[in-house]
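Notes for the structure review
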Amino acid sequence: MSRCSFCRRAAPSLRSGRGVGSACSTRPLCVPHTIVPLEPIDLDAEVALLKRSLRESGRRVCASYEVATVDNFRSLLTLGRFNAVHFSGHGHPHSLAFEDGCGAAHFVDLGQLRRLMNAGDGHAGVQLVFVNCCYSAVAAANFVDAGIPHVIASPLRLRDRAAAAFTRGFYLSLAVGKTVADAFSIAKESVRCAPKMDPAEADKFVLLPAGAPHDATIFADAPRRIGTADPPPAVP
């Protein structure tokens with residue numbers, strides 16, 4: 001099953017608004033005369049992690065969580081309500097695993113995916129894409145070519161706990177108003193210092209385009225949730 005999450009700033013509910021979007025895929029791959037199951041992904045745990053990180057930020061950042069069919073992906077881009085997309089699923093050097101209408105894997109060629117995003121200036125407003133799957137560097141490069149200014153991916157196989165630690169650190173930092181670059185740095189160090197974690201796992205994450213400043217604050221203007229307040233000033 002694949003799932004896409006879409007997020008926006010200052011939205012009143014988890015089903016609409018300009019914010020983060022997420023997609024995940026773990027369904028079987030259908031081949032003539034045989035079914036080859038893809039490795040399962042705990043998407044419920046990832047959605048819970050995203051919700052927790054956004055909630056604890058104290059900011060009203062809206063998120064919508066959808067099964068990653070091509071239709072859902074294109075429809076959410078067309079609606080233009082989100083400025084971040086989080087894709088969770090299975091990667092391949094030349095495609096991403098979406099789902100078809102029956103719950104089976106639907107591998108979309110990366111060139112086709114780029115054209116789908118570019119059609120009609122269809123990704124206007126999307127500032128960030130996080131391709132949270134193994135071997136996603138080529139997919140990330142296509143998102144960059146499509147004009148997305150901030151893309152996170154991994155060219156290598158990721159451990160689930162490393163991906164979770166990174167996701168947690170990144171979205172919490174982004175939601176409280178950190179820049180993309182700062183949130184990426186915080187997330188990498190969160191992975192490096194996680195218990196029972198090989199520190200080298202942190203270096204598997206890349207932020208593209210390489211060399212760009214990535215100094216945008218995606219959710220900087222998200223209002224505070226009711227009942228939250230500014231932290232007390234630091235003691236001199």
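Summarised in this report is the structure supplied together with it. (Residues numbered from 1 in each chain as written. Predicted model: local features only at pLDDT ≥ 70, side-chain atom pairs only at ≥ 80, totals over all residues. Heavy atoms only, no water.)

This part takes up the environment of Leu 208. Structurally, Leu 208 is set in strand β12 (residues 206–208). Not counting residues within four places of it along the chain, the set of residues in contact with Leu 208 comprises Ala 140, Ala 141, Val 144, Pro 149, His 150, Val 151 and His 214. (Helix = DSSP H or I, 4+ residues; strand = E, 2+ residues; numbered from the N terminus. Contact = heavy atoms within 4.5 Å.)

In this structure, Ile 152, Phe 166, Phe 170, Leu 174, Phe 184, Val 191 and Phe 219 are the most contacted members of the largest nonpolar core, which totals 32 residues. Of all the secondary-structure elements, those providing two or more residues to this core are α1 (43–56), β5 (61–67), β10 (128–132), α5 (160–175) and α6 (180–192). Here this core takes seven residues from α5, the largest share from any one element. Contact partners of Phe 170, with chain neighbours within four places excluded, come to Leu 128, Ile 152, Val 180, Ala 183, Phe 184 and Ala 187. One finds Leu 96, Phe 98, Val 126 and Val 131 within the second-largest nonpolar core, a separate group that totals 22 residues. (Core = buried A, V, L, I, M, F, W, Y, C linked by side-chain atoms within 4.5 Å. Buried < 20%, exposed > 50% of the residue type's maximum accessible area, 1.4 Å probe, protein only.)

Counting along an α-helix, one turn takes 3.6 residues, and residues three or four places apart therefore face a common direction. The set of residues buried in helix α2 (residues 70–79) consists of Phe 73, Arg 74, Leu 76 and Leu 77. The arc enclosing the buried residues of α2, seen along the axis, measures out at 160 degrees, which places them on a common side. Of the exposed residues in α2, the ones pointing more than 90 degrees away from its buried face are Asp 71 and Thr 78. Taken from the residues just after α2, Gly 80 is the one with a positive phi, measuring 65 degrees. (Arc of directions from axis to C-beta.)

Next up on the list: helix α4 (residues 137–145). Every buried residue of α4 is listed here: Ala 139, Ala 140, Asn 142 and Phe 143. End-on, the buried residues of α4 take up no more than an arc of 160 degrees, which puts them together on one face. Packed against the buried residues of α4 are α2, β8 (95–99), α3 (110–118), β10, β11 (150–153) and β12. Just downstream of α4, Gly 147 is the residue with a positive phi angle, here 105 degrees.

As a further point, take the packing of α2 against α3. α3 packs onto α2 with a crossing angle of 30 degrees between their chain directions and a minimal axis gap of 10 Å. Every residue of α3 that contacts α2 at Val 70, Phe 73, Arg 74 and Leu 77 is listed here: Leu 113, Leu 116 and Met 117. The class makeup of the residues in the contact of α2 with α3 is six nonpolar, no polar and one charged. (Axes fitted to C-alpha atoms, helices over the stretch in contact; angles between N-to-C directions. Nonpolar A, V, L, I, M, F, W, Y, C, P; charged D, E, K, R; others polar.)

What follows deals with the sheet that holds strand β7 (residues 91–92). Spatial strand order, β7-β8-β9: three strands in an open sheet with antiparallel pairing. Two strands in the sheet have a free side with no partner beyond their single neighbour: β7 and β9 (105–109). Note that β8 and β9 share five bridges and pair antiparallel. The residue of β9 that forms the bridge with Leu 96 is Val 108. (Pairing = 2+ DSSP bridges.)

In this section: the side chain of Ser 95. Mapped onto the elements of the fold, Ser 95 is located in strand β8. Its relative accessible area of 9% is what places Ser 95 among the buried residues. When sequence neighbours within four positions are dropped, the list of residues in contact with Ser 95 reads Phe 107, Val 108, Asp 109 and Leu 110.

Once that is clear, we can look at the packing of α1 against α5. Describing two packed helices takes the angle between their axes plus the distance from one axis to the other. Between α1 and α5, whose axes approach to 8 Å, the crossing angle comes to 30 degrees. As the angle between them shows, α1 and α5 are arranged roughly parallel. Helix-helix and strand crossings are classified by hand; for α1 and α5 the assignment is right-handed. For the pair formed by α1 and α5, the contact residues are Glu 46, Leu 49, Leu 50, Arg 52, Ser 53, Leu 54 and Glu 56 on the first element and Ala 164, Thr 167, Arg 168, Tyr 171, Leu 172 and Ala 175 on the second. (Parallel < 35°, antiparallel > 145°, perpendicular 65-115°, else oblique. Left-handed = near helix turned anticlockwise from the far one by under 90°.)

Interpretation in functional terms is not warranted from these geometric data alone.
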